[in-house]
Amino acid sequence: MALRTAVAAFALALSFVGIADAAPRTDLRIGLVLEPPALDPTAGAAAAIDEVVYQNVFEGLTRIDETGAVQPALASSWDVSADGLSYTFHLVEGATFHDGTTFDADDVVFTYGRITAADSVNAQKALYAGIDSVTAVNTSTVELKLKGPDGLFLFNVGRGDAVIVAPESAANNANTPIGTGPFKFVNWQKGADLTLEQYAGYWGTKPALTKVTYVFINDAAARVNALLAGSIDGINNTDASTLPVFKADPRFKVVVGSTEGETLLVQNNAKAPFSDLKVRQAIAHSLDRAEIIAGASSGYGTPIGSHFPPHSKDYVDLTGTYPYDLDAARKLLAEAGYPDGFSATLKLPPVPYATVGGQIVASQLAKVGIKLTQVNLDWNQWLTDVFTNKDYDLTIISHVEPFDIGIYADPNYYFGYNDPDFQAIMKQLNETTDEAARKELLIAAQKRLAEQAVNGYLFELAQTGVWSAKLEGMWQNAPVEGVVLSGIRWTE
Amino acid sequence: MIRFALTKFLGLAATLLVAAAITFAALDILPGDPARFILGINATPDAVAALREQLGLDAPALQRFFSWIGGMFVGDFGLSYTQGQPVGQLIAGRLGVTIPLTVIAMILSAGIGLPIGILAARRRGSFADTGLMVLAQLGVAIPNFWFGMLLVLLFSVTLRWLPPGGFVPWGENPFAAFASLILPSIALALPQAAILARVMRTALVDVQGSDYIRTARAKGLTLSEAVWKHGVRNAMLPVLTILGLQFAYLVAGTVIVENVFYLPGLGRLIFDAISARDLILVRSSVIILVLAVIGTMFLTDLAYAWVDPRLRSRKAE
């Protein structure tokens, strides 16, 4: 008994250590689910790369803010020609790379030349394929010419894939990234953690944090324990199913926002029976989104009726296009020649919303006679079987790229959706720069996809973060991939 | 003894070569393209093709196999596809966690399991024996990752005595480094200790009933003396077999335990490399593990010969 009391007293004493800190902390330990394979955002697609370096170590000419709007970054301002083909960027003065070399127009020319080169390994090379030429007018002015107008160009310039790198250091950015951002890379203990420190020579506003450590924790239960034990101060995005623990604990705040991830029941439109509009409509009528969100995402996520994020200003709510109606679904199936339903396979990538969501979708479709065999795949199998070889009937996946409605205009995309009407809308959209006209076209595009029931539109993926209650300035939404540190500070 | 060791050694070298061939073939037929994985679903086909060429993925399988084997002989394991760093360097960086972790776990499992086994055998049928064996049964049944979670909940979340995971490099703070390995090695060791305790108990109980113990007793030794002088050494034979096998289990266990405790060890490196289809990294790591396991088997065989002189004179199988 005496021993137990002593142990309890010792534990109590330990838990009070560290409460007496006077000045606010300036260091931060963030948990990340996946470790980045390398650190060059211009040569890899892994979200973990951007989570560490985007806007922290590297900056682009423009940057995307928390609302998804384009803001000046290394370009303090820009002029666009009347025909929308020529962009003149005026660069900030006094910016330097972390190795001390100065940032100027030559770095911009080098960066864009590297992205568009024949041997480029940029993961989003297609977005920059419309660039015709990049010229340094003088050391602080760059002119970019496009082959055709591109309404999304300034957004794409602000993405992690187009951050400015220097010719002196670009080759080593995978392991020792050198950028112009407010934080410089210090140390990477592979498999464990990565440390950034504030860059004293930063050209812009200095951040409140001086040292940031990313800790890589793959295991969901281990992440919960790490937060509870105080060995990390926050996680940008963690399993929604673990949130109740933190909601009930005053030491933490739960930050729920939206992402650019449209979670879809993807249908192989090129393959029977999914090539039949009636079958696709029947499936749309059989999906109960509320139940799917509750099960696959612990209730976090917004229902969608087309391929567009609900927080966008151009969004239109189309969830009512084919309301949940099993009788209508059965009728459509009978008309399509499947009065008793049919069998199909559902290939699922290794993410909880898909593996759990797959079971719910399978049970929902079973009610109208569609019998699904679920096949769980790892990421590489999914990429090979489903995405590259298009060898699938159905899959569940979240498409997290911003402004990616254009993927439906590519008949060779794994959706197998070849619709000249939709392709015409997209072509027109790409050539339109007027805001009001673009909005109209975007709404027409959303409606077309909803009516055609190309995919089963389930929900917009939520971002569910858990942070220490004493932290503020974290991004609630994720309009681009990244954990932007510059606004984060301790309140006490 | 030397001839015995030499024959064993040649057998092990052959095993290693076969293991290398199987590992290579098994990984080569896995579906998945590392270049596509790195560049993601929006990458253009020509960007993927450019990366495949950079990584040397286009060469024929046989050519890649022999350049891998040839490279290993001179200590060159190639470059990791995803990380772009020498594989040998990546693996070496992880051994500073995995080797101490397995060694501590091995010592713990022997240090806990063997005395419990001996104690239970000496008090056979007593309350202590039954109690210990029930505990051992429980220990065998509990998976190490779950046990690890329980340890974290108690010692990290509630008591805050030890970190819940992560690793401080040895060079930075050796005490903190050691502290990060305490819970994982206990989690790894305890199920193995339970197995060892059961094996030790059974072996010793068997030995106690044997003729030479009775002879020793007849010569005037007490039961304790007879068991200590003649019994334990003979009981060690089955225990050694299990210890050798356990090393392989411990190494395999690190894959899970290093994930639960997010330690930067070899197990986690392999786990991540498989998901990223960093095949060259997986292959070489697996070979290192095979080498470690068959090296242990070799030592176990030598230990056999030392414990049991009959094995030395006999021609090696």
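Since this is a predicted model, take the numbers as computed values, not measurements.

Focus on the overall build of chain B
Phase 1 of the analysis: Counting secondary structure elements, chain B contains 13 helices and zero strands.
Phase 2 of the analysis: Going from the N terminus to the C terminus, chain B shows its helices and strands as α-α-α-α-α-α-α-α-α-α-α-α-α.
Phase 3 of the analysis: By its C-alpha atoms, chain B is 85 × 55 × 35 Å across when sized along the principal axes.
Phase 4 of the analysis: Within chain B, counting contacts between residues at least 6 apart in sequence, those at least 24 apart form 71% of the total.

Comments concerning the interface of chain B and chain A
Phase 1 of the analysis: Chain B puts 46 residues into the contact, and the matching count from chain A is 45 residues.
Phase 2 of the analysis: When residues of the side of chain B that touches chain A are traced back to their parent elements, those giving at least two are helix H2 (34-39), helix H3 (45-55), helix H5 (87-122), helix H7 (144-158), helix H10 (223-260) and helix H11 (266-275) of chain B.
Phase 3 of the analysis: Counting residues per element, the side of chain B that touches chain A draws most heavily on H7(B), which supplies five residues.
Phase 4 of the analysis: Along the lines of polarity and charge, the residues of the side of chain B that touches chain A split into 24 nonpolar, 15 polar and seven charged.

Things to note about the pairing of strand E8 (residues 183-189) of chain A
Residue and element names in this part refer to chain A.
Phase 1 of the analysis: Relative to strand E9 (residues 193-198), E8 runs antiparallel, the two being bridged by six bridges. Looking across to E9, one finds that Asn187 is bridged to Thr195.
Phase 2 of the analysis: What sits between E8 and E9 in their antiparallel hairpin is a turn of three residues, with Gly191 showing a positive phi close to 85 degrees.

Things to note about the sheet that holds strand E6 (residues 131-138) of chain A
Residue and element names in this part refer to chain A.
Phase 1 of the analysis: With antiparallel pairing, four strands are arranged side by side in an open sheet as E4-E5-E7-E6. The open sheet has two free edges, formed respectively by strand E4 (75-80) and E6, since each of these has just one partner strand. With direction set aside, neighbouring strand axes in the sheet form an average angle of 20 degrees.
Phase 2 of the analysis: Here E6 pairs with strand E7 (residues 141-146) via six bridges, running antiparallel. For Thr135, the partnering residue across the bridge sits in E7 and is Glu143.
Phase 3 of the analysis: Along the sheet, helix H3 (residues 105-116) contacts strand E5 (86-91), E6 and E7; its crossing angle with E6, the most-contacted strand, is approximately 165 degrees.

Considering the nonpolar core
Phase 1 of the analysis: By size, the foremost hydrophobic cluster in this structure holds 222 residues, and its most contacted members are A:Ala445, B:Leu39, B:Ala197 and B:Met200.
Phase 2 of the analysis: The dominant element in this core, judged by the number of residues it contributes, is helix H8 (residues 174-208) of chain B, at 17 residues.
Phase 3 of the analysis: Apart from residues lying up to four places away in sequence, A:Ala445 is in contact with A:Ile405, A:Phe422, A:Ile425, A:Met426 and A:Leu429.

Considerations on helix H1 (residues 2-28) of chain B
All names here are of chain B.
Phase 1 of the analysis: Here H1 is 27 residues long and its end C-alpha atoms lie 39 Å apart, about the 39 Å a rise of 1.5 Å per residue gives.
Phase 2 of the analysis: Regarding H1, the residues found buried are Ala20, Thr23 and Phe24.
Phase 3 of the analysis: Where H1 is buried, its residues meet helix H4 (61-73) and helix H12 (279-307).

Remarks on the confidence of the model for chain A
All names here are of chain A.
Phase 1 of the analysis: Confidence along chain A averages 91 in pLDDT terms, with 96% of residues attaining 70 or more.
Phase 2 of the analysis: Within chain A, the lowest mean pLDDT, 48, falls on helix H1 (residues 2-16), and the highest, 97, falls on helix H7 (residues 277-286).
Phase 3 of the analysis: Contacts from residues 10-20, a stretch scored under 50 in pLDDT, to residues over four places away or in other chains number four contacts.

So, the environment of A:Asp50
Residue and element names in this part refer to chain A.
Phase 1 of the analysis: Among the structural elements, Asp50 can be located in helix H2 (residues 47-53).
Phase 2 of the analysis: Once the C-alpha coordinates of Asp50 and Val483 are considered, the two residues, 433 residues apart in sequence, prove to be 7.5 Å apart.
Phase 3 of the analysis: If we ignore the near neighbours within four places in the chain, the residues touching Asp50 are Pro41, Gly160, Glu481 and Gly482.

Rules and cut-offs
- Residues numbered from 1 in each chain as written.
- Chains lettered and ligands numbered in written order.
- Predicted model: local features only at pLDDT ≥ 70, side-chain atom pairs only at ≥ 80, totals over all residues.
- Helix = DSSP H or I, 4+ residues; strand = E, 2+ residues; numbered from the N terminus.
- Contact = placed C-beta atoms within 7 Å.
- Nonpolar A, V, L, I, M, F, W, Y, C, P; charged D, E, K, R; others polar.
- Pairing = 2+ DSSP bridges.
- Axes fitted to C-alpha atoms, helices over the stretch in contact; angles between N-to-C directions.
- Core = buried A, V, L, I, M, F, W, Y, C linked by C-beta atoms within 7 Å.
- Buried ≥ 20, exposed ≤ 12 C-beta atoms within 10 Å, placed from the backbone.
- Expected span 1.5 Å × (residues − 1).
- pLDDT = per-residue confidence, 0-100.

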